[in-house]
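# Close look at the chain arrangement
Listed below, chain by chain, are the residues.
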Amino acid sequence: MAARGRPRAFDRDVALARAMEVFWAKGYEGASMSDLTSAMGIASPSLYAAFGSKEALFRDAVGLYAETDGASVWQAVADADTAFGTVEAFLLETARAFTRKDKPSGCLVVLSALHASEESATVRNELIARRKQCSKVLARKLASGVKTGEIATSVDIDALATYYMTVQQGMSIQARDGASKATLEKTAKAALAGWSALTSG
């Protein structure tokens, strides 16, 4: 027999997408419960019933971001045929993705919990782990360039990946400060100009 009870009067997926954009724009601590419930179109009891807590809601929002708005950069990395092409696609897609007119600027994973505090300590550590994992993904792709001779065997691949991740994270901050796609593309091209020196060993 089916369980009785009033059906939820909201679409959970739509509500989560709206919460994601609030966290993206305001950060974990900056997003108040009233900000979240207003954007989601629900009352606090419904939020807690559907998601459990603000922290759990944030985790779900980060997961949604990784699967949707944050996915294009890593798809560009996966699709690239060469090590240089990997970094080029990574940075140029970053310039596009971080400056979309219909979305908050920058990267949710980079910007939403940078400061250490009692309230955000757990989610901040989880975002740090996500950023480290992203660096590992980039490093694994760049390692293929060593096998093909595109990158010298003496090059520290982890350091190379960390460098380009640092450029990308800086682009996220610049985007949040109002930098345009064209401005971020100039940053990307400047970083790419050093490729030969960085990969020749």
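These figures come from a predicted structure and were not determined experimentally.

Across its full length, the protein chain carries eleven helices and zero strands. Helices and strands in the protein chain line up, N terminus first, as α-α-α-α-α-α-α-α-α-α-α. With the C-alpha coordinates of the protein chain rotated into their principal frame, the extents come out at 65 × 40 × 30 Å. Burial statistics for the protein chain: of 201 residues in total, 41% are counted as buried. The long-range share in the protein chain, meaning contacts at least 24 apart out of those at least 6 apart in sequence, stands at 70%. Element-wise, carbon and sulfur atoms account for 53% of the exposed surface of the protein chain, whose accessible area totals about 10,400 Å². Each charge class in the protein chain can be summarised by its mean position, and for the 24 positive and 22 negative side chains these summaries are 3 Å apart.

The subject of this paragraph is the side chain of T99. Tracing the sequence through the fold places T99 in the loop between α6 (83–97) and α7 (108–111). Contacts of T99, omitting those with residues within four sequence positions, involve A175, A179, S180, K181 and L184.

Turning our eyes to something else, we now look at the packing of aromatic side chains. By convention here, two paired aromatic rings are described through the distance between centres and the angle between planes. Scanning the model with the defined rule gives eight aromatic pairs in all. Aromatic pair F23 and F58: ring centres 5.0 Å apart, planes at 85 degrees, arrangement edge-to-face. One end of the pair, F23, is in helix α1 (residues 12–26); the other, F58, is in helix α4 (residues 54–67), and 35 residues separate them in sequence. Accessibility expressed as a relative area gives 2% for F58, which makes it buried. Seen in terms of ring centroids, Y164 and W195 are 6.2 Å apart; in terms of plane orientation they differ by 40 degrees. Their pairing is tilted. Here W195 lies in helix α11 (residues 195–199) and Y164 lies in helix α9 (residues 157–176), a separation of 31 residues in the sequence. On the accessibility criterion, Y164 (0% relative accessible area) is buried. Relative accessible area serves as the criterion here: at 7%, W195 is assigned to the buried category. Ring pairing ties together the aromatic residues F84, Y163, Y164 and W195, which thus form one cluster. The ring of Y28 has K54 lying over it, and the distance from NZ or CZ to the ring centre is 4.7 Å.

Bringing the environment of R12 into the picture now. Tracing the backbone shows R12 in helix α1. Here the alpha-carbon distance between R12 and A175, two residues 163 residues apart in the chain, equals 29 Å. Not counting chain neighbours up to four residues away, the residues in contact with R12 comprise A50, F51 and D60. Of note is the side chain of R12, whose polar atom sits 3.2 Å from the side chain of D60.

About the cut-offs
- Residues numbered from 1 in each chain as written.
- Predicted model: local features only at pLDDT ≥ 70, side-chain atom pairs only at ≥ 80, totals over all residues.
- Heavy atoms only, no water.
- Helix = DSSP H or I, 4+ residues; strand = E, 2+ residues; numbered from the N terminus.
- Buried < 20%, exposed > 50% of the residue type's maximum accessible area, 1.4 Å probe, protein only.
- Contact = heavy atoms within 4.5 Å.
- Areas by Shrake-Rupley, 256 points an atom, 1.4 Å probe, with all protein chains shown as cover.
- Lys, Arg positive; Asp, Glu negative; His and termini not counted.
- Charge placed at Lys NZ, Arg CZ, Asp CG, Glu CD.
- Phe/Tyr/Trp six-rings, centres within 6.5 Å; stacked < 30°, edge-to-face > 60°.
- Lys NZ or Arg CZ within 6 Å of the ring centre and 35° of its normal.
- Polar contact = N/O pair within 3.5 Å; in protein donor to acceptor, adjacent residues only side chain to side chain.

No statement about biological role is implied by the geometric values presented.
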